[in-house]
Amino acid sequence: MCKATIMLSTINDVKEFVNVVSKCDYDVDLISGRYAVDAKSIMGIFSLDLSKSIALEAHTDDASAFFAEIKPFIVE
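Since the model is a prediction, treat every value here as computed from it, not as a measurement.

Scoring rules and cut-offs
- Position labels on residues start from 1 in each chain and follow its written sequence.
- For a predicted model such as this one, the threshold for reporting local features is a pLDDT of at least 70, and the threshold for listing and counting side-chain atom pairs is 80 or more; totals across whole chains, interfaces and linings nevertheless cover every residue.
- Side-chain numbers here rest on the full set of heavy atoms in the structure, without hydrogens or water.
- A pair of aromatic rings is counted whenever rings of Phe, Tyr or Trp (Trp by its six-membered ring) have centres within 6.5 Å, and the orientation is called stacked for planes under 30 degrees apart, edge-to-face for over 60 and tilted otherwise.
- Numbering of helices and strands runs from the N terminus; a helix is a DSSP stretch of H or I covering at least four residues, while a strand is a stretch of E covering at least two.
- Buried, partly exposed and exposed residues are distinguished by accessible area as a fraction of the type maximum, computed with a 1.4 Å probe on protein chains only: under 20%, between the cut-offs, and over 50%, respectively.
- Nonpolar cores are built from buried Ala, Val, Leu, Ile, Met, Phe, Trp, Tyr and Cys residues. Side-chain atoms within 4.5 Å join them into one set.
- The contact criterion used is simple: two residues touch if any of their non-hydrogen atoms lie within 4.5 Å.
- One side-chain nitrogen of Lys or Arg within 4 Å of one carboxyl oxygen of Asp or Glu is enough to make a salt bridge.

K.L.:
Explain the packing of aromatic side chains to me, please; I cannot follow it from the model alone.
P.N.:
The description of an aromatic ring pair uses the distance of the two centres, along with the angle that the planes make with each other. This model, assessed by the stated rule, comprises 3 aromatic pairs. Relative to Phe-73, the ring of Phe-17 has its centre 5.8 Å away and its plane inclined at 90°; by these criteria the two rings are edge-to-face. With Phe-17 in helix α1 (residues 11-21) and Phe-73 in the segment after α3 (64-69), this residue pair connects regions lying 56 residues apart in the sequence. Accessibility assignment for this pair places Phe-17 and Phe-73 in one class, buried. Plain terms: the ring middles of Tyr-26 and Phe-66 are 6.2 Å apart, the flat faces sit at 85° to each other, and that makes the pair edge-to-face. Residue Tyr-26 is found in the loop between α1 and β2 (28-32), and its partner Phe-66 is found in helix α3; the two are separated by 40 residues along the sequence. Across this residue pair, the class does not change: Tyr-26 and Phe-66 are buried.

Written as structure tokens, this is what we have:
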């Protein structure tokens, strides 16, 4: 499992992010507090508090290409 922290500030960020994640053939979860949602679900993402950074978990051993695509959303 690969982890990162992301920030989705605008509606367009969410749309763009979901378009990238939807191409993945493995599960990607977003965790905010005690809530975990499927990162491929726009409705699920909008149920989270988007004013804060969100933990991302990609359920794969090699997510380097995926992380390169979502680089604009990753916060250090």
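K.L.:
In this structure, what is going on with the nonpolar core? I would like to understand it.
P.N.:
Among soluble globular proteins, nonpolar side chains are generally buried collectively. Ile-6, Phe-17, Leu-30, Leu-56, Phe-66 and Ile-70 are the most contacted members of the largest nonpolar core, which totals 26 residues. Counting only elements with at least two residues in this core, the list comes to β1 (2-6), α1, β2, β4 (54-58) and α3. Take this core: its biggest share by element is 5 residues, from α1.

K.L.:
I would appreciate a short explanation of the side chain of Ser-32 in the present structure.
P.N.:
With respect to the helices, strands and loops of the structure, Ser-32 is situated in strand β2. In this structure Ser-32 comes out as buried when scored by relative accessible area, which is 14%. Contact partners of Ser-32, with chain neighbours within four places excluded, come to Leu-48 and Asp-49.

K.L.:
Explain the pattern of salt bridges to me, please; I cannot follow it from the model alone.
P.N.:
Where charged atoms of side chains with opposite charge meet at close range, the side chains can pair. The tally for this structure, following the rule as stated, stands at 3 salt bridges. Two residues, Lys-3 and Glu-57, come together in a salt bridge whose shortest N-O distance is 3.6 Å. Here Lys-3, found in strand β1, pairs with Glu-57, found in strand β4; they are 54 residues apart in sequence, far enough to count as distant. Overall, Lys-3 belongs to the exposed group, its relative accessible area being 57%. Exposure remark for Glu-57: the relative accessible area of 19% places this residue in the buried category. Notably, a salt bridge pairs Lys-52 with Asp-49, separated by 3.6 Å at the nearest N-O pair.

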